[in-house]
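# Inside the fold
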Amino acid sequence: MVKTGDLTKTYHMGNVQVHALRGVSTGIEKGEFVGIMGPSGSGKSTFLHQVGLLDTPSSGTICINGQETSLMTSEQKARFRLDQMGYVFQDYALIEDLTVLENVAIPGLGLGRDYHEVMEIAGGLVDDVGLGGRADHLRKELSGGQQQRVAIARSLMNSPAIVFADEPCANLDTESSQTILKLFRHLNEEKNQTVVMVSHEPWHTEFFDRIILFRDGRIEKKSE
Ligand SMILES: Nc1ncnc2c1ncn2[C@@H]1O[C@H](COP(=O)(O)OP(=O)(O)OP(=O)(O)O)[C@@H](O)[C@H]1O
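As the structure is a prediction and not an experimental result, all values here were calculated from the model. (Residues numbered from 1 in each chain as written. Predicted model: local features only at pLDDT ≥ 70, side-chain atom pairs only at ≥ 80, totals over all residues.)

### Side note on the site of the ligand
Taken together, 13 residues sit near the ligand, with Tyr-11, Ala-20, Ser-40, Ser-45 and Thr-46 positioned nearest. Looking at the shell around the ligand, the elements that each hand over two or more residues are strand 1 (2-13), strand 2 (16-28) and helix 1 (44-51). Take the shell around the ligand: its biggest share by element is three residues, from helix 1. Residues belonging to the shell around the ligand are distributed by class as follows: four nonpolar, eight polar and one charged. (Near = placed C-beta within 6 Å. Helix = DSSP H or I, 4+ residues; strand = E, 2+ residues; numbered from the N terminus. Nonpolar A, V, L, I, M, F, W, Y, C, P; charged D, E, K, R; others polar.)

Put into structure tokens, the structure is as follows:
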């Protein structure tokens with residue numbers, strides 16, 4: 001499903017070069033729930049941004065669903081992201097003036113899908129994440145954990161092949177974090193949803209099928 005070959009990313013800051021990824025070759029299969037772990041600064045978020053097509057690597061290959069992404073134009077990448085990928089970030093990134101239902105609908109409307117169909121699917125997703133009674137609420141009326149559940153529902157709007165989550169529990173207490181991890185686990189088991197999640201919390205490992213461990217921009221060890 002996702003395959004990287006000798007992926008590198010170097011950031012240039014004036015005369016200083018930061019080698020965030022130093023040759024990462026790995027694969028993620030359909031239906032896996034993979035944890036991307038490792039110390040701070042080891043390249044986890046950089047890796048997620050490259051395979052999520054949110055940034056361009058310095059060198060190497062990224063193949064997603066059989067498509068070599070380096071050959072895509074930026075318009076093709078934008079369409080591919082909307083069509084095939086879901087994203088969940090630590091700051092939830094909900095639009096303030098829209099309701100829960102409208103926030104969840106955004107990726108569907110962005111693809112130009114039928115409005116009524118999108119709204120119906122959005123309603124089902126809001127139910128799935130346990131917020132059926134709050135579909136008309138605004139962001140400010142929700143707790144952090146509830147906002148993250150909205151973000152998860154939104155990430156699923158276009159039935160993505162893969163969901164990327166960058167430290168989705170970073171701003172949540174333990175109880176809310178557990179709810180979010182169980183929700184991802186449920187989606188993975190019930191819908192065979194592929195999920196790739198960056199985390200630095202050791203207790204999250206019990207939820208993952210597999211861990212890809214980063215150190216100094218490289219994969220240190222894979223556990224099956
Ligand atoms: N936009 C950027 N410009 C310059 N350097 C960057 C940029 N983004 C990341 N880096 C650097 O690249 C390296 C890897 O960063 P990255 O954020 O991928 O690590 P991480 O493992 O996700 O860390 P953390 O757990 O602290 O979020 C670090 O040295 C970081 O300072």
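### Description of the nonpolar core
Judged by nonpolar contacts, the single largest core of 54 residues is most densely connected at Ile-36, Val-104, Leu-125 and Val-196. Top contributing element to this core by residue count: helix 4 (residues 115-128), with five residues. Excluding residues that lie within four positions of it along the chain, Val-104 makes contacts with Ala-122, Leu-125, Val-126, Val-150, Ala-153, Arg-154 and Met-157. (Core = buried A, V, L, I, M, F, W, Y, C linked by C-beta atoms within 7 Å. Buried ≥ 20, exposed ≤ 12 C-beta atoms within 10 Å, placed from the backbone. Contact = placed C-beta atoms within 7 Å.)

### Structural notes on the environment of Arg-113
Note that Arg-113 resides in the loop between helix 3 (100-110) and helix 4. Residues Arg-113 and Asn-158, spaced 45 residues apart in sequence, show a C-alpha to C-alpha distance of 9.5 Å. Other than its neighbours up to four places away in sequence, Arg-113 contacts Gly-108 and Val-118.

### So, unusual backbone geometry
Despite not being glycine, Leu-53 shows a phi value in the positive range, around 55°. Tracing the backbone through its elements, the reader meets Leu-53 in the loop between helix 1 and strand 4 (59-64). Looking at Leu-53, the number of C-beta atoms within 10 Å reads 20, which means it is buried.

### Considerations on helix 3
By the burial criterion, the buried members of helix 3 are Val-100, Asn-103, Val-104, Ala-105, Pro-107 and Gly-108. If you follow the buried residues of helix 3, they end up packed against helix 2 (74-84), helix 4 and helix 5 (144-155).

### So, the environment of Val-118
Looking at where Val-118 falls in the secondary structure, it is placed in helix 4. With 21 C-beta atoms counted inside 10 Å, the residue Val-118 sits in the buried group. Distance from Val-118 to Asn-158, taken between C-alpha atoms, is 9.1 Å for residues 40 residues apart in sequence. Leaving out residues up to four positions away in the same chain, Val-118 has contacts with Ala-105, Gly-108, Leu-109 and Arg-113.

### So, helix 6 (residues 174-191)
Helix length check: helix 6, at 18 residues, gives a terminal C-alpha distance of 25 Å against a target of 26 Å (1.5 Å per residue), a fit within 8%. Taken together, the buried positions of helix 6 are Ser-177, Ile-180, Leu-181, Phe-184, Leu-187 and Asn-188. All buried residues of helix 6 fall inside an arc of 120° around its axis, so they share one side. Turned more than 90 degrees off the buried face of helix 6, the exposed positions are Glu-175, Lys-182, Glu-189 and Glu-190. Those residues of helix 6 that are buried lie in contact with strand 3 (33-37), helix 5 and strand 8 (194-198). (Expected span 1.5 Å × (residues − 1). Arc of directions from axis to C-beta.)

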